[in-house]
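Chain by chain, the residues run as shown.
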Amino acid sequence: DTGVSQDPRHKITKRGQNVTFRCDPISEHNRLYWYRQTLGQGPEFLTYFQNEAQLEKSRLLSDRFSAERPKGSFSTLEIQRTEQGDSAMYLCASVWGNSYNEQFFGPGTRLTVL
Amino acid sequence: AQKITQTQPGMFVQEKEAVTLDCTYDTSDQSYGLFWYKQPSSGEMIFLIYQGSYDEQNATEGRYSLNFQKARKSANLVISASQLGDSAMYFCAMSFTQGGSEKLVFGKGTKLTVNP
């Protein structure tokens, strides 16, 4: 297994357009996290899946954001009606087990909203 | 609320010297985990080292060691024999359980520059 992958790596879009990002976790990892990172900040938690169940969403995740993890494998994060404030790096991480194990991060998707 | 504080926006170190990156945390939980991640300019977060709240020994991983002082709520990262490739952002993070879900909260990071 080559680790967590994310697609696309970069996305430039116009304000008001919808975008969708994909994350492929490490295959045996049951938990998957999405984070958003803006310039000069650490990653901020957005949402979390245990297998296919979305267990928690941050208040940072407005109604324009939706995430899915069908069949507990890959996950998608969709942003509808993008705004300039959505410009950020979107990171996906996966982790095995149910204790404080290290999260393995993907390379991220850098979103620029013009 | 759980919080991580990294007070050093930037640090400079000479190649082959040791450097300490500071991290303090705030939690009322008894069980938590502390992590350090490295983020090069490419953007990927790379796991470096982990310390559990119940671990009595300081964690070590090669040139990385974590100076865990539980009473002071500090978890400083020590990098020995710095290399040019160590230049990157370094993030301290804490894992905790809230409402049955495990979360990871990050500090703002420290930018380390290793000079030749």
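Before reading further, recall that the structure is shown in the block above.
Structure report, in brief. No experiment lies behind these values; they were computed from the predicted model shown.

### Details of the overall build of chain B
Right, on to step 1. Within chain B, the secondary structure is distributed over zero helices and 12 strands.
Right, on to step 2. Its helices and strands taken in sequence order, chain B reads β-β-β-β-β-β-β-β-β-β-β-β from the N to the C terminus.
Right, on to step 3. Along the three orthogonal principal directions, the C-alpha set of chain B runs to about 45 × 30 × 20 Å.
Right, on to step 4. With 116 residues in all, chain B has 47% of them scored as buried.
Right, on to step 5. For chain B, the proportion of contacts with a sequence separation of at least 24, taken over those separated by at least 6, is 54%.
Right, on to step 6. Surface accessibility of chain B: about 5,600 Å² in total, with carbon and sulfur atoms responsible for 48%.

### Considering the pattern of salt bridges
Residues and elements named next belong to chain A.
Right, on to step 1. Evaluation of the coordinates by the stated rule reveals six salt bridges over all chains.
Right, on to step 2. Across the salt bridge formed by D24 and R22, the nearest N and O atoms sit 2.7 Å from each other.
Right, on to step 3. Given the relative accessible area of 34%, R22 is considered partly exposed.
Right, on to step 4. As a salt-bridge pair, D86 and R64 come within 2.8 Å of each other at their nearest N and O atoms. A residue pair is termed long-range when its members are at least 10 positions apart, and D86 in the loop between β8 (75-79) and β9 (88-95) and R64 in the loop between β6 (53-57) and β7 (65-68) qualify at 22 residues.

### Focus: the pairing of strand β12 (residues 110-115) of chain B
All names here are of chain B.
Right, on to step 1. Burial along β12 is one-sided: T110, L112 and V114 are buried, while K111, T113 and N115, pointing the other way, are not.
Right, on to step 2. Alignment of strand β2 (residues 10-14) against β12, held across five bridges, turns out to be parallel. By the bridge assignment for β12, Q14 is matched with N115.
Right, on to step 3. Pairing analysis gives three bridges linking strand β10 (residues 88-98) to β12, with the strands arranged antiparallel. Within β12, the position partnered with A88 by the bridge is L112.

### Let's talk about the sheet that holds strand β3 (residues 19-24) of chain A
All names here are of chain A.
Right, on to step 1. Strand order in this open sheet of four strands is β1-β3-β8-β7, and the pairing throughout is antiparallel. A strand with exactly one partner marks an edge of an open sheet, and here the two such strands are β1 (5-7) and β7. Taken over all neighbouring pairs, the strand axes of this sheet differ in orientation by 15 degrees on average, direction set aside.

### Describing the interface of chain A and chain B
Right, on to step 1. The interface is formed by 24 residues belonging to chain A together with 24 residues belonging to chain B.
Right, on to step 2. Summed over both sides, the interface of chain A with chain B buries roughly 1,900 Å², with 50% coming from carbon and sulfur.
Right, on to step 3. It is Y100, E102 and F105 of chain A in chain A that bury the most area against chain B; as a group they hold 38% of the surface buried on that side.
Right, on to step 4. Among the salt bridges present, the one from K103 of chain B reaches E56 of chain A, with a minimum N-O distance of 2.4 Å.
Right, on to step 5. Run the count over chain A and chain B and you get six residue pairs in polar contact (both at pLDDT 80 or more).
Right, on to step 6. Only β4 (31-37), β5 (44-50), β6 and β9 of chain A provide two or more residues apiece to the side of chain A that touches chain B.
Right, on to step 7. Counting residues per element, the side of chain A that touches chain B draws most heavily on β4 of chain A, which supplies four residues.
Right, on to step 8. When the residues that make up the side of chain A that touches chain B are grouped by side-chain class, the tally is 11 nonpolar, nine polar and four charged.

Conventions used here
- Residues numbered from 1 in each chain as written.
- Chains lettered and ligands numbered in written order.
- Predicted model: local features only at pLDDT ≥ 70, side-chain atom pairs only at ≥ 80, totals over all residues.
- Heavy atoms only, no water.
- Helix = DSSP H or I, 4+ residues; strand = E, 2+ residues; numbered from the N terminus.
- Buried < 20%, exposed > 50% of the residue type's maximum accessible area, 1.4 Å probe, protein only.
- Contact = heavy atoms within 4.5 Å.
- Areas by Shrake-Rupley, 256 points an atom, 1.4 Å probe, with all protein chains shown as cover.
- Salt bridge = Lys/Arg side-chain N within 4 Å of Asp/Glu carboxyl O.
- Pairing = 2+ DSSP bridges.
- Axes fitted to C-alpha atoms, helices over the stretch in contact; angles between N-to-C directions.
- Buried area = accessible area lost by both parts, 1.4 Å probe.
- Polar contact = N/O pair within 3.5 Å; in protein donor to acceptor, adjacent residues only side chain to side chain.
- Nonpolar A, V, L, I, M, F, W, Y, C, P; charged D, E, K, R; others polar.

All quantities given are derived from atomic positions and should not be read as evidence of function.
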